Amino acid sequence: AYIISTFHINTKSQLDELNDLMIQYLLSHSVYVRENTLRAIYSFGQVEIIIKAFQILSQNNINHNEKLLSDGLMTFNGKIDNLSEVLMENINHFNVCYQVAIINFFSYKEEHRFDSLIVKKLIDNRTDVNVQCCILRCIGKVKSRDNKNIFLDILRTYKNSDRWQL
């Protein structure tokens, strides 16, 4: 999988054949195989296969290092704005690990056009506390009156709760 990631594969027939193989490799118990498989998938430049990979990993309760995932998304070899949009559209279909990685990816690339959408996740009590903390770090990079008010509301809401980490 690692060697495949170094080639510039761009014909549909080659990609179709490799996509199926990469999906099989994703289910490996080896972190190294999974990471190299994800690298290959990012290099293909196809948004759909990344979404499919994250869905399969989430459905099978296979977590991966969030930093490696975010860094890997940064190496995507396609239209990164399109990748961002589709990741945001599908974020609720992934488990906590992949949601955190996606929000970190937005933060790394200073992508703030989805802030209003992720703030909705932030204030939703059903959202995992790890995702909420990640959202706070992401929106905290933008100093604005709205973000200040969000932080103050969070402090007031959670100061005496079991979610005090926020």
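Report follows, based on the coordinates. (Residues numbered from 1 in each chain as written. Predicted model: local features only at pLDDT ≥ 70, side-chain atom pairs only at ≥ 80, totals over all residues. Heavy atoms only, no water.)

### As for the packing of helix H8 (residues 115-123) against helix H9 (residues 129-139)
Point 1. Look at H8 against H9: their axes get within 9 Å of each other, and the N-to-C directions meet at 145°. Taken as a pair, H8 and H9 cross one another with a handedness that is left-handed. Facing Asp115, Ile118, Val119, Lys121 and Leu122 of H8, the residues of H9 in contact are Val131, Gln132, Ile135, Leu136, Cys138 and Ile139.
Point 2. Along the lines of polarity and charge, the residues of the contact of H8 with H9 split into eight nonpolar, one polar and two charged. (Axes fitted to C-alpha atoms, helices over the stretch in contact; angles between N-to-C directions. Helix = DSSP H or I, 4+ residues; strand = E, 2+ residues; numbered from the N terminus. Left-handed = near helix turned anticlockwise from the far one by under 90°. Contact = heavy atoms within 4.5 Å. Nonpolar A, V, L, I, M, F, W, Y, C, P; charged D, E, K, R; others polar.)

### Side note on H8
Point 1. Here H8 has its buried residues at Asp115, Ile118, Val119, Lys121 and Leu122. Buried residues of H8, seen end-on, are gathered within an arc of 155° and therefore sit on one face of the element. Along H8, the residues that are exposed and aim more than 90 degrees away from the buried face are Ser116, Lys120 and Ile123. (Buried < 20%, exposed > 50% of the residue type's maximum accessible area, 1.4 Å probe, protein only. Arc of directions from axis to C-beta.)

### Focus: the packing of helix H3 (residues 31-44) against helix H5 (residues 66-74)
Helix-helix packing is characterised by the crossing angle of the two axes and by the distance between the axes.
Point 1. Where H3 contacts H5, the axes come no closer than 9 Å and their chain directions differ by 25°. Viewed along their axes, H3 and H5 adopt a mutual orientation that is roughly parallel. In terms of crossing hand, the pair formed by H3 and H5 is right-handed. The segment H3 lies against H5, with Glu35, Leu38 and Tyr42 engaging Leu68, Leu69, Gly72 and Leu73.
Point 2. Class assignment of the residues belonging to the contact of H3 with H5 gives a composition of five nonpolar, one polar and one charged. (Parallel < 35°, antiparallel > 145°, perpendicular 65-115°, else oblique.)

### Quick word on the nonpolar core
The tendency in soluble globular proteins is for nonpolar side chains to be buried side by side.
Point 1. Core analysis: the largest hydrophobic core is formed by 47 residues, its most contacted members being Leu38, Ile50, Phe54, Leu69, Leu73, Leu83 and Leu87.
Point 2. Excluding residues within four positions of it along the chain, leucine 38 makes contact with Leu26, Ala53, Phe54, Leu57, His64 and Leu69. (Core = buried A, V, L, I, M, F, W, Y, C linked by side-chain atoms within 4.5 Å.)

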